Amino acid sequence: DSGVTQTPKHLITATGQRVTLRCSPRSGDLSVYWYQQSLDQGLQFLIHYYNGEERAKGNILERFSAQQFPDLHSELNLSSLELGDSALYFCASSASISGGYSTDTQYFGPGTRLTVL
Amino acid sequence: GEDVEQSLFLSVREGDSSVINCTYTDSSSTYLYWYKQEPGAGLQLLTYIFSNMDMKQDQRLTVLLNKKDKHLSLRIADTQTGDSAIYFCADYNTDKLIFGTGTRLQVFP
């Protein structure tokens, strides 16, 4: 158990709808990262928040947005959903602003599986 | 942009060693990581290596880094059926991890 929690575990919805995925980082971690894992695109970085502020953006669509709240949990909002948005969405957390060092690696949650019908 | 490549499949017999290979393009990598993903589960950090190291050993895991060729490998000694999973190498680059395609390791008795 990495200490990162994600809800819901599974989500099934229809095209055109909007969903919100939630992530609670490990206790004390200030950084939250979102990733998308799909069969055709592999595992891709979406966005990084540190202590409530956006730090870096990856291949995140304009239909997607995220935020990190004062209690450090984060939400990923996906709107105008398309079939191709079906994927496993991971959240990861790390202690500091930069999750790329040996003492501060990223710990991943179990993911939310989104199915768009 | 930066790219990380892996072979897609590896099949080994239980008790043998497994070697999973990875190549990357980023010459300014600081850390390179290996993650494991079991079916239906999230990513689990296995080990990492700093870019100025050639080798790192951690119990049954050995990571070799050839910085000149930008080649990274993960050797699993005495592979067990519980090692069956997808293994991802990842390159840390300016505030994000760039993942490889993943190598599916199948261990048969």
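Everything that follows concerns the structure shown earlier in this document.
Cut-offs used in this document
- Residues numbered from 1 in each chain as written.
- Chains lettered and ligands numbered in written order.
- Predicted model: local features only at pLDDT ≥ 70, side-chain atom pairs only at ≥ 80, totals over all residues.
- Heavy atoms only, no water.
- Contact = heavy atoms within 4.5 Å.
- Buried area = accessible area lost by both parts, 1.4 Å probe.
- Salt bridge = Lys/Arg side-chain N within 4 Å of Asp/Glu carboxyl O.
- Polar contact = N/O pair within 3.5 Å; in protein donor to acceptor, adjacent residues only side chain to side chain.
- Helix = DSSP H or I, 4+ residues; strand = E, 2+ residues; numbered from the N terminus.
- 1 Å grid on protein atoms, 1.4 Å probe; cavity = no way out; pocket = protein on both sides within 12 Å on 5 of 7 lines; lining within 4 Å.
- Points joined across faces, edges and corners; volume = space filled by probe spheres on them.
- Nonpolar A, V, L, I, M, F, W, Y, C, P; charged D, E, K, R; others polar.
- Buried < 20%, exposed > 50% of the residue type's maximum accessible area, 1.4 Å probe, protein only.
- Pairing = 2+ DSSP bridges.

Colleague: Quick question: what am I supposed to make of the interface of chain A and chain B here?
Modeller: By a widespread convention, an interface's size corresponds to the accessible area lost as its parts come together. Of the residues lining the interface, 21 residues belong to chain A; the matching set on chain B comes to 16 residues. Summed over both sides, the interface between chain A and chain B buries roughly 1600 Å², with carbon and sulfur atoms accounting for 58% of that surface. For the pair chain A and chain B, the interface holds zero salt bridges. Counting every contact that joins chain A to chain B gives two residue pairs in polar contact (both at pLDDT 80 or more). Those elements that provide at least two residues to the side of chain A that touches chain B are strand E4 (31–38), strand E5 (42–50), strand E6 (53–57) and strand E9 (87–94) of chain A.

Colleague: How should I be thinking about the layout of surface pockets in this particular structure?
Modeller: To find leftover empty space, one rolls a probe the size of a water molecule over the atoms. Roughly 890 Å³ of internal volume is contained in the largest pocket. Together, 36 residues line the largest pocket, and A:Gln37, A:Ser38, A:Gly42, A:Leu43 and B:Thr101 are the ones closest to its centre. Where the lining of the largest pocket is concerned, the elements lending two or more residues are E4, E5 and E9 of chain A together with strand E9 (85–93), strand E10 (96–99) and strand E11 (103–108) of chain B. Taken together, the residues of the lining of the largest pocket break down into 16 nonpolar, 15 polar and five charged.

Colleague: I tried to follow the pairing of strand E3 (residues 19–24) of chain A on my own but got confused; where do I start?
Modeller: Residues and elements named next belong to chain A. Only one face of E3 is covered, namely the one carrying Val19, Leu21 and Cys23; the face carrying Thr20, Arg22 and Ser24 has none of its residues buried. Bridge count between strand E1 (residues 5–7) and E3: three bridges; the pairing is antiparallel. From the neighbouring strand, threonine 7 faces E3, where its bridge partner is arginine 22. Pairing of E3 with strand E8 (residues 74–78), which is carried by five bridges, proceeds in the antiparallel orientation. Bridge assignment links threonine 20 to a residue of E8, and that residue is asparagine 77.

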